[in-house]
Amino acid sequence: MADESEMKLDLLPEDCMVEVLSFTTPHDACQLSLVSTMVRDAAVSDLLWEKFLPSDYREIISRLVLPIAFASKKELFLKLFSPLLIDGGSKSFSIDRTTGKTCYMLSARELSIAWSTNPLYWCWKPLLHSRFPEGVELIMVCWLEIKGKINTRMLSPRTTYGAYLIVNLAGRAFGLDSLPSEVSVKVCDRESKGIVYLRCNYANNRKQELEMILMRHRVETLRSRVDRGGGQERALCEREDGWMEIELGEFYCDGVSDKEVTMCLREVKGEHLKGGLIVEGIELRPK
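Residues numbered from 1 in each chain as written. Predicted model: local features only at pLDDT ≥ 70, side-chain atom pairs only at ≥ 80, totals over all residues. Heavy atoms only, no water.

The name recorded for the chain in an unreviewed UniProt entry is F-box domain-containing protein, from Anisodus acutangulus.

Structural data, given as structure tokens:
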């Protein structure tokens, strides 16, 4: 009797099964394809994977630097796991493997970096292991400010995003960890704030000790001023691709209205010289 009363999946029309699977995740849809032949057919159909793809995927494909070939919407979805250059190489686009949500990375050329057009202060050049044609290395400044902007309409709705500055430290890096840099992400009147120390790995520890002795009083005075309003302290974290990242903050994309997101790292209170920061860009991905 129990078997007779149960709804058999194979009796459902394929479009109904597609609709059911669309409420799962791409990973779950692949797993459920093992249940029966009918479910498998629905799980590989273009109709289903069209629902998993970003709503603006056609427009994104048209902006690719190098076109990609695909025989099905599922194959296209899988190819978008890897970051692909768009907009002449100034940005990259990908789909998050876990959530299926949209990810973007703004190259250093897409950012507003104080004094970056002056070759005395910043050097633009190709970077090892970078996805972009070029990045920028800080030669020497006393005013460090890096800003990026993106509109929420480019991102997946009903999703909390994190913004991450992708950087490296040159062997000659100096002055970057004397004071904490302030980081922030602002959307309308909501702002996420924090501080981060851009820690340098000195080859000569004695050099670091002497530098800190000479600057101790001035540095501690300025640090206390920054720390009081700086927010949560964040760490410089290593990535699998050989770069390091700094979480600038997070924000919620409701998908209802277009809002401008402003992301920033700045250290302008110390007035001391600093150099050796290598910037690849700012990445936005679901948290």
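S.K.: Teacher, can you tell me more about the pattern of salt bridges here?
M.R.: If charged atoms from side chains of opposite charge come close, those side chains can pair. Evaluated as defined, the whole model comprises 24 salt bridges. Notably, a salt bridge pairs D87 with R63, separated by 2.8 Å at the nearest N-O pair. With a gap of 24 residues between them, D87 in the loop between β1 (84-86) and β2 (91-95) and R63 in the loop between α6 (57-62) and α7 (73-79) connect regions that are remote in the sequence. You can call D87 partly exposed: its relative accessible area is 29%. R63 gets classed as buried once you look at its relative accessible area, which sits at 18%. A salt bridge links K125 to E137; the nearest nitrogen and oxygen atoms lie 2.5 Å apart. On the criterion of sequence distance, the pair formed by K125 in strand β5 (residues 122-125) and E137 in strand β6 (residues 135-138) is long-range, its members being 12 residues apart. Its relative accessible area of 9% is what places E137 among the buried residues. One connected set of salt bridges, linked through shared partners, spans R131, R239, D241, E245, E283 and R285. (Salt bridge = Lys/Arg side-chain N within 4 Å of Asp/Glu carboxyl O. Helix = DSSP H or I, 4+ residues; strand = E, 2+ residues; numbered from the N terminus. Buried < 20%, exposed > 50% of the residue type's maximum accessible area, 1.4 Å probe, protein only.)

S.K.: What's the story with the sheet that holds strand β11 (residues 232-234) in this structure? I'm lost.
M.R.: Sheets are built from strands paired through backbone hydrogen bonds, the pairs being either parallel or antiparallel. With mixed pairing, six strands are arranged side by side in an open sheet as β4-β7-β14-β9-β10-β11. Across the chains shown, the open sheet's two edge strands, defined by having one partner strand only, are β4 (112-113) and β11. Bridging between strand β7 (residues 144-151) and strand β14 (residues 260-267) involves eight bridges; their strand directions are antiparallel. By the bridge assignment, G148 is partnered in β14 with M263. (Pairing = 2+ DSSP bridges.)

S.K.: Teacher, can you tell me more about unusual backbone geometry here?
M.R.: Most peptide bonds are trans, and most residues other than glycine sit at a negative phi. Phi is positive for W115, which is not a glycine, with a value near 70°. Along the chain, the position of W115 falls in the loop between β4 and β5. At E271, a residue that is not glycine, the phi angle is positive and equals roughly 60°. Residue position: E271 is located in the loop between β14 and β15 (275-286).

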